Amino acid sequence: MGPDLMQGAAMLDTHGDVARMLQDSAAEVAPAKDLARVRAQRYQQPGFDLAVWTLIGEMGWLGLRASADEGGAGLGMREACALAESLGAGLLPEPVIDVAFCVRALEGEARRQMLANHHLVVPALNGTAAPATRLENGRVQGTHHFVPGALGAQAFLVATTGGAVLVASDAAGVNIQPKPMQDGSFCATVTFSDAQGEPVAADFAGAWEEAALQTAAYLLGGAERCLNITLEYLGTRVQFGKPIGSFQALQHKSADLALQIALTRASVYSAAATLDGTSADGAARQMAVSRAKCRAADTAMLVARQSVQMHGGMGYTDECDVGLYLRKGMVLMNAYGSAGWHRSRYARLALESETQRSGG
């Protein structure tokens, strides 16, 4: 284990009282042991509960990273990741990370207004590519695919060639086409046809890195809960007169999965410490995020697939909870950069860093 991961591992038992309080509040809204609300929202537009969204706004989760004078809590990425981890364990369907992205990206009065009124604003980005949407005389032209939370959004924070623009979801020229996702949630294809927008100051780059890391933490929480469900099942399913969890092959497999989760947690919180610190440059911060997001996506899918397999035939049924974690992982593994994209970015940045050190 490298020094960065050792630092992340050392933080695991030192979340602090604030982080633990956030996790406790998350468990009330998204209880990991009761997925009834999650199941009820599947395939039902908008894919989440607007009443619960109001509660989330009142709890202050969206402003964790905003300063106190802006109406936020002024907390760090460690706390934000601790919250996201608990939300992942309970498969929270509400788009907390995506809306928090907009809070983090917006600046000044726009951020204050969003926090004060609990506005549900979601980002309309072009993934990891440069924006193709045009801004001409305050009018927005273009199409964005896979926009999260779009069916319940009040507005979109749109990345355009002319900068960031806020566009109301009910504005003339805005067309929202629902797209069901593998886990029963919904995204949308949003087309702007000469839609009136309000140019705003926004830092997309910094917000994107934080959202990627919070998504990694969400995947981490889901993976750990999925494994715990499986371990409970292995302890109760009896075959040949004994619990199948006593079989050595399944014990080895479970231990391997637990190790991957531990390494992922160390990577996520090491990256959180890097973003919270002031000594790392932009490349180091990006590398930390890419390492965490890549590992979290791979771990979430590995744990979910192995958990389904260890459940046997019932693991493939829709009624089995581990299947919900598999489907959520399939949806989120590519959010804010796929594992492959993050591997490529990490390799490029590492090469550039090594070239600079060697004077090449």
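In short, a report on the structure.

Cut-offs applied
- Residues numbered from 1 in each chain as written.
- Predicted model: local features only at pLDDT ≥ 70, side-chain atom pairs only at ≥ 80, totals over all residues.
- Heavy atoms only, no water.
- Pairing = 2+ DSSP bridges.
- Helix = DSSP H or I, 4+ residues; strand = E, 2+ residues; numbered from the N terminus.
- Phe/Tyr/Trp six-rings, centres within 6.5 Å; stacked < 30°, edge-to-face > 60°.
- Buried < 20%, exposed > 50% of the residue type's maximum accessible area, 1.4 Å probe, protein only.
- Axes fitted to C-alpha atoms, helices over the stretch in contact; angles between N-to-C directions.
- Core = buried A, V, L, I, M, F, W, Y, C linked by side-chain atoms within 4.5 Å.
- Contact = heavy atoms within 4.5 Å.

**Considering the sheet that holds strand β4 (residues 155-160)**
And then number 1: A sheet is described by the order of its strands in space; here four strands give the open sequence β1-β4-β5-β8, paired in mixed fashion. The open sheet is flanked by β1 (121-124) and β8 (198-199), the only strands paired with a single partner.
And then number 2: In terms of strand pairing, strand β5 (residues 163-168) meets β8 through two bridges, oriented antiparallel. Bridge pairing links Val 165 to Pro 199 in β8.

**What to know about the packing of aromatic side chains**
And then number 1: Within this structure, the stated rule accounts for five aromatic pairs.
And then number 2: For the pair Phe 156 and Phe 192, a centre-to-centre distance of 6.0 Å together with 80° between the ring planes defines the contact as edge-to-face. With Phe 156 in strand β4 and Phe 192 in strand β7 (residues 186-196), this pair connects stretches of sequence that are 36 residues apart. Here the two residues Phe 156 and Phe 192 agree in accessibility, since each one is buried.
And then number 3: Here Trp 208 and Trp 341 contribute two aromatic rings whose centre-to-centre distance is 5.4 Å and whose plane-to-plane angle is 70°, an arrangement assigned as edge-to-face. A residue pair is termed long-range when its members are at least 10 positions apart, and Trp 208 in helix α8 (residues 204-236) and Trp 341 in helix α12 (residues 339-358) qualify at 133 residues.

**Some details on the sheet that holds strand β6 (residues 174-180)**
And then number 1: The four strands lie next to each other as β2-β3-β7-β6, forming an open sheet whose pairing is antiparallel. With one partner strand each, in any of the chains shown, β2 (134-136) and β6 form the two edges of the open sheet. Geometrically, the sheet is characterised by an average inter-axis angle of 15° between neighbouring strands, direction not taken into account.
And then number 2: Pairing of strand β3 (residues 139-148) with β7, which is carried by eight bridges, proceeds in the antiparallel orientation. Paired with Val 140 across the strands is Ala 195, a residue of β7.

**Observations concerning the nonpolar core**
And then number 1: Membership of the largest hydrophobic core comes to 104 residues, with the highest contact counts inside it found for Trp 61, Phe 101, Phe 156, Leu 157, Phe 192, Leu 213 and Val 268.
And then number 2: A total of 16 residues in this core trace back to one element, the largest contributor, which is α8.
And then number 3: Look past the residues within four positions of Val 268 in its chain and what remains in contact with it is Cys 81, Leu 213, Ala 216, Ala 217, Leu 220 and Ala 292.

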